[in-house]
Amino acid sequence: MKLYILFVSFIMSLSASCQSKMAETTLKENPEKQADITSALYDTYDTYKESSLAKRRIKHHEIQPLIAKFKAKEGYAVTKVGESIEGRPLSLISVGSGATNVFLWSQMHGDEPTATQAIFDILNFLDSKDFQKEKASILRNLTLHFLPMLNPDGAEVYTRRNTLGIDINRDALALQSPEGRTLKRVRDSLDADFGFNLHDQSTYYNAERTEKPATISYLAPAYNYEKDINDVRANAMKIIVYMNKIIQNYAPGQVGRYNDDFEPRAFGDNIQKWGTSAILIESGGFNKDTEKQEIRKLNYVSILSAIYTISDKSYTEIAIADYEKIPENDRKLFDLKIENLTYKLLGKEYTLDLGIQRFENDKPNHNDFWISSSIVEQGDLSTYYGYETFDAKGYTATLGKVYPHKISSMTDFLKLDAFELLKQGYLFVSVNGIPEKIMESPLPLNITRGSYKAPANLRLAVGVNPSFFLEKNGKIMYAVVNGYLIDLQSKATSFKNALILK
Ligand SMILES: [Zn+2]
């Protein structure tokens with residue numbers, strides 16, 4: 001009952017908050033109440049979260065039982081609308097009886113799964129016994145159509161492109177891919193009023209001139225080079241302003257506006273042109289959320305907010321000028337930024353900033369990954385930001401040594417006291433008999449395979465793996481191992497893996 005009341009107030013508040021200056025003033029007078037109300041959906045999220053999907057590398061076979069569940073339910077229609085190149089069925093799940101059609105599709109890029117998970121959370125929410133009255137109103141006004149995982153072949157191997165090797169989001173005109181043809185056919189058959197094009201973006205995007213990651217970015221794509229704004233595009237902009245306002249409560253400053261340069265071959269741009277108000281949602285990065293489960297939750301809140309405002313038409317009152325006020329996406333983030341480091345080169349000392357990024361490498365089954373890091377920029381990085389930033393003023397970067405004792409197996413390697421070795425200046429350990437299937441070192445020590453020769457001097461350069469020590473007054477204080485900073489006193493680190501060097 002409490003939830004119910006919160007929810008009613010929630011919708012009313014959301015509608016009111018965008019309708020007029022007077023309403024805004026009212027809400028501002030009672031900000032506590034507003035915060036309470038808007039948190040209802042966010043706070044109850046776990047009740048509806050689809051627990052069988054818990055990490056990014058999800059596969060087509062994992063979502064089939066979920067789709068089948070809805071096929072068996074009254075009120076839901078599940079239609080096979082196409083097939084991927086490798087023959088995986090593409091399903092459309094529809095619910096509601098309203099005259100306004102809302103079409104949502106996800107993961108046309110196989111390695112962008114966040115919204116696919118959120119779609120099943122939303123379906124669970126719609127199917128739950130809670131909020132019956134409000135949901136009845138939504139489903140009376142709208143018909144919702146979900147097409148999760150448009151590129152299942154890409155998802156299988158966790159790549160952007162489909163099996164034909166093409167980017168489906170550049171195929172809206174030529175329709176060379178069966179997945180693109182399916183998307184076009186479904187859009188046309190529904191003649192949807194609203195279309196949600198659901199993607200993931202690089203975690204290195206930030207809201208311009210801030211250190212905040214662009215956790216969610218929005219775009220109302222342009223339908224021509226002139227970037228004109230007709231009613232179709234204006235409605236998309238209004239919905240975005242509405243969603244942004246909600247997301248600011250949970251990730252303040254972490255919303256970006258995606259570049260709206262016209263791309264004649266992209267689906268979003270063409271769907272806008274074809275008369276469906278197209279809204280792009282990009283899931284970016286969030287600190288310490290590698291599997292993007294918090295971002296999934298924000299997707300859920302964002303998309304449901306949009307559905308509410310479309311249902312009660314409250315978005316129509318929003319000024320599109322507010323769309324331009326959302327900060328633009330920039331790409332100025334590193335996983336680790338080290339500032340003011342002392343680096344010795346050819347006998348002299350220099351000061352450097354380092355920008356380090358950690359790249360995911362899929363394991364053969366594409367269910368898991370290991371990290372290899374690189375220095376991607378160095379020099380004055382004062383206009384860049386880090387998820388983690390370390391001021392290394394007074395610290396000198398030094399070379400790690402190779403541990404003199406050869407280790408005969410992985411089992412013995414795992415018995416080493418890695419932190420003790422790091423403190424003694426060892427960063428590389430030669431290990432024999434490492435099974436081929438092991439891709440990474442689980443300890444913060446890089447493994448070598450015997451023939452490895454340590455360089456005579458530390459080299460810091462773009463493209464180089466960052467593994468070195470930070471010394472102060474001749475004492476090793478920190479290790480940087482495969483791009484992870486490790487405080488050797490407190491052992492504090494977000495370390496995942498070190499490398500196995502060939
Ligand atoms: Zn994408």
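The coordinates are above.
Predicted model, so just to flag it, every value in this text is computed and none were measured.

J.: Please give an account of the overall build of the chain that cites residues and values.
T.: Summing up its helical and strand segments, the chain has 15 helices and 22 strands in all. The C-alpha atoms of the chain give 25 Å as radius of gyration, which agrees with the globular expectation for 502 residues (23 Å, within 12%). Residue pairs at least 24 apart in sequence account for 74% of intrachain contacts in the chain once pairs closer than 6 positions are excluded. Accessible surface, the chain: about 21,300 Å² in total, of which carbon and sulfur atoms supply 50%. On the chain, the mean spot of the 61 positive side-chain charges and the mean spot of the 63 negative ones are 4 Å from each other.

J.: Hey, could you go over the nonpolar core for me, with residue numbers and the actual values?
T.: In this structure, Phe-146 and Phe-196 are the most contacted members of the largest nonpolar core, which totals 67 residues. Leave out the neighbours within four places in its chain, and Phe-146 touches Ser-91, Leu-92, Ile-93, Val-95, Leu-104, Ile-119, Ile-122, Leu-123 and Leu-126. Counting 30 residues, the second largest nonpolar core, distinct from the first, contains Phe-469, Val-481, Leu-488 and Phe-495.

J.: Which residues make up the sheet that holds strand β22 (residues 500–501), and what are the values?
T.: Overall, parallel pairing links the 4 strands, which are arranged β16-β17-β18-β22 in an open sheet. Of all the strands in the sheet, just β16 (401–402) and β22 have a single pairing partner and so form its edges.

J.: So what's going on with the coordination of the zinc ion? Residues and values would help.
T.: Each angle at a metal carrying four tetrahedral donors should ideally be 109.5 degrees, and each at a metal carrying six octahedral donors should ideally be 90 or 180 degrees. Protein coordination at the zinc ion: the donors are His-109 (ND1), Glu-112 (OE), Glu-112 (OE) and His-199 (ND1), at 2.0 to 2.6 Å from the metal. Here the zinc ion is ringed by 4 donor atoms whose angles at the metal span 54 to 152°, and the overall shape comes out irregular. Counting along the primary sequence, the residues that act as donors to the zinc ion give the motif H-x2-E-x86-H. Remark: His-199 occurs in strand β5 (residues 194–200) and Glu-112 occurs in the loop between β3 (100–106) and α6 (114–127); sequence separation between them is 87 residues. A relative accessible area of 2% means that His-199 is categorised as buried.

J.: Please set out the environment of Val-462 residue by residue, giving values where relevant.
T.: With respect to the helices and strands, the residue Val-462 is situated in the loop between β18 (446–448) and β19 (468–472). Setting aside chain neighbours within four positions, we find Val-462 in contact with Ile-375, Val-376, Glu-377 and Gln-378.

J.: Explain the pattern of salt bridges residue by residue, including any values.
T.: The tally for this structure, following the rule as stated, stands at 31 salt bridges. Between Lys-80 and Glu-83 there is a salt bridge, and its shortest N-O distance comes to 2.8 Å. Judged by relative accessible area, which is 37%, Glu-83 ranks as partly exposed. Of the charged contacts in the structure, one is a salt bridge between Glu-339 and Lys-337, with a shortest N-O distance of 3.2 Å. According to the relative accessible area criterion, Lys-337 is buried, its value standing at 4%.

J.: How would you summarise helix α7 (residues 132–141) if you had to cite specific residues and measurements?
T.: Given 3.6 residues per turn, any residue in an α-helix points the same way as the ones three and four places further on. Every buried residue belonging to α7 is among Glu-134, Lys-135, Ile-138 and Leu-139, and all of these are buried. Down the axis, α7 shows its buried residues gathered within 130° of arc, on one side only. Facing away from the buried surface of α7 by more than 90 degrees, the exposed residues are Lys-133 and Arg-140.

J.: Outline the pairing of strand β4 (residues 142–147), listing residues and values.
T.: The buried fraction of β4 amounts to 6 of the 6 residues, a majority that puts the element mostly inside the structure. Of the two faces of β4, the one lined by Leu-142, Leu-144 and Phe-146 and the one lined by Thr-143, His-145 and Leu-147 are each fully buried. Where β3 and β4 come together, 6 bridges link them in parallel fashion. The partner of Asn-101 across the bridge, within β4, is Thr-143.

J.: Describe the environment of Thr-276, naming the residues involved and giving the relevant values.
T.: Its place among the elements puts Thr-276 in the loop between α11 (267–273) and β9 (277–283). On the basis of relative accessible area, Thr-276 is assigned to the buried category, the value being 1%. Here the alpha-carbon distance between Thr-276 and Asn-340, two residues 64 residues apart in the chain, equals 51 Å. Setting aside anything within four residues of it in sequence, one finds Thr-276 in contact with Arg-187, Asp-191, Ala-192, Asp-193, Phe-194, Gly-195, Val-232 and Ile-271. Among the polar contacts made by the side chain of Thr-276, one reaches the main-chain carbonyl oxygen of Ala-192 at a distance of 2.6 Å.

J.: Explain the environment of Val-402 to me, and be specific about the residues and the numbers.
T.: Summarising the element assignment, Val-402 is placed in strand β16. Note: C-alpha distance between Val-402 and Arg-160 (242 residues apart in sequence) is 39 Å. Setting aside chain neighbours within four positions, we find Val-402 in contact with Tyr-426, Phe-428, Tyr-452 and Ala-454.

J.: Give a description of a nonpolar patch on the surface that names residues and reports values.
T.: Taken together, the side chains of Leu-345, Leu-346 and Tyr-350 define a hydrophobic patch exposed on the protein surface, amounting to about 350 Å² of accessible area. Assignment of secondary structure puts Leu-345 in strand β11 (residues 333–345). Note on Leu-345: relative accessible area 37%, which makes it partly exposed.

J.: Could you give me a rundown of the packing of helix α5 (residues 60–71) against α6, with the residues and numbers involved?
T.: Between α5 and α6, the least distance of the axes is 12 Å, while the angle of their chain directions is 25°. With respect to α6, the element α5 is oriented roughly parallel. In the crossing of α5 with α6, the sense of the turn from one axis to the other is left-handed. Along the contact surface, α5 presents Ile-63, Leu-66, Ile-67, Lys-69 and Phe-70, while α6 presents Thr-116, Phe-120, Leu-123, Asn-124 and Asp-127. Grouping the constituent residues of the contact of α5 with α6 by class yields 6 nonpolar, 2 polar and 2 charged.

J.: Requested: an account of the packing of aromatic side chains, with residues and values cited.
T.: Evaluation of the coordinates by the stated rule reveals 17 aromatic pairs. Taking 5.2 Å as the distance between ring centres and 90° as the angle between the ring planes, the aromatic pair formed by Tyr-48 and Phe-125 counts as edge-to-face. With Tyr-48 in helix α4 (residues 45–48) and Phe-125 in helix α6, the pair connects residues that are 77 residues apart, well separated along the chain. Take Tyr-48 and Phe-125: they sit in the same class, and that class is buried. Between Phe-125 and Phe-131, the aromatic rings sit 5.5 Å apart at their centres with planes inclined by 45°, giving tilted as the arrangement. Among the aromatic residues, ring-to-ring pairing joins Tyr-45, Tyr-48, Phe-125, Phe-131 and Tyr-300 into one connected group. The residue whose ring lies beneath Lys-401 is Tyr-426, and the NZ or CZ to ring-centre distance is 4.6 Å.

Parameters and conventions
Residues numbered from 1 in each chain as written. Predicted model: local features only at pLDDT ≥ 70, side-chain atom pairs only at ≥ 80, totals over all residues. Heavy atoms only, no water. Helix = DSSP H or I, 4+ residues; strand = E, 2+ residues; numbered from the N terminus. Rg over C-alpha atoms; globule rule 2.2 N^0.38 Å. Contact = heavy atoms within 4.5 Å. Areas by Shrake-Rupley, 256 points an atom, 1.4 Å probe, with all protein chains shown as cover. Lys, Arg positive; Asp, Glu negative; His and termini not counted. Charge placed at Lys NZ, Arg CZ, Asp CG, Glu CD. Core = buried A, V, L, I, M, F, W, Y, C linked by side-chain atoms within 4.5 Å. Buried < 20%, exposed > 50% of the residue type's maximum accessible area, 1.4 Å probe, protein only. Pairing = 2+ DSSP bridges. Donors = N, O, S within 2.8 Å, 3.2 Å for Na, K, Ca; no water. Tetrahedral: all angles 85-135°; square planar, octahedral: opposite > 155°, others 65-115°. Salt bridge = Lys/Arg side-chain N within 4 Å of Asp/Glu carboxyl O. Arc of directions from axis to C-beta. Polar contact = N/O pair within 3.5 Å; in protein donor to acceptor, adjacent residues only side chain to side chain. Patch = residues over 30% accessible without salt bridge, like charges linked within 9 Å, V, L, I, M, F, W, Y side chains within 5 Å. Axes fitted to C-alpha atoms, helices over the stretch in contact; angles between N-to-C directions. Parallel < 35°, antiparallel > 145°, perpendicular 65-115°, else oblique. Left-handed = near helix turned anticlockwise from the far one by under 90°. Nonpolar A, V, L, I, M, F, W, Y, C, P; charged D, E, K, R; others polar. Phe/Tyr/Trp six-rings, centres within 6.5 Å; stacked < 30°, edge-to-face > 60°. Lys NZ or Arg CZ within 6 Å of the ring centre and 35° of its normal.

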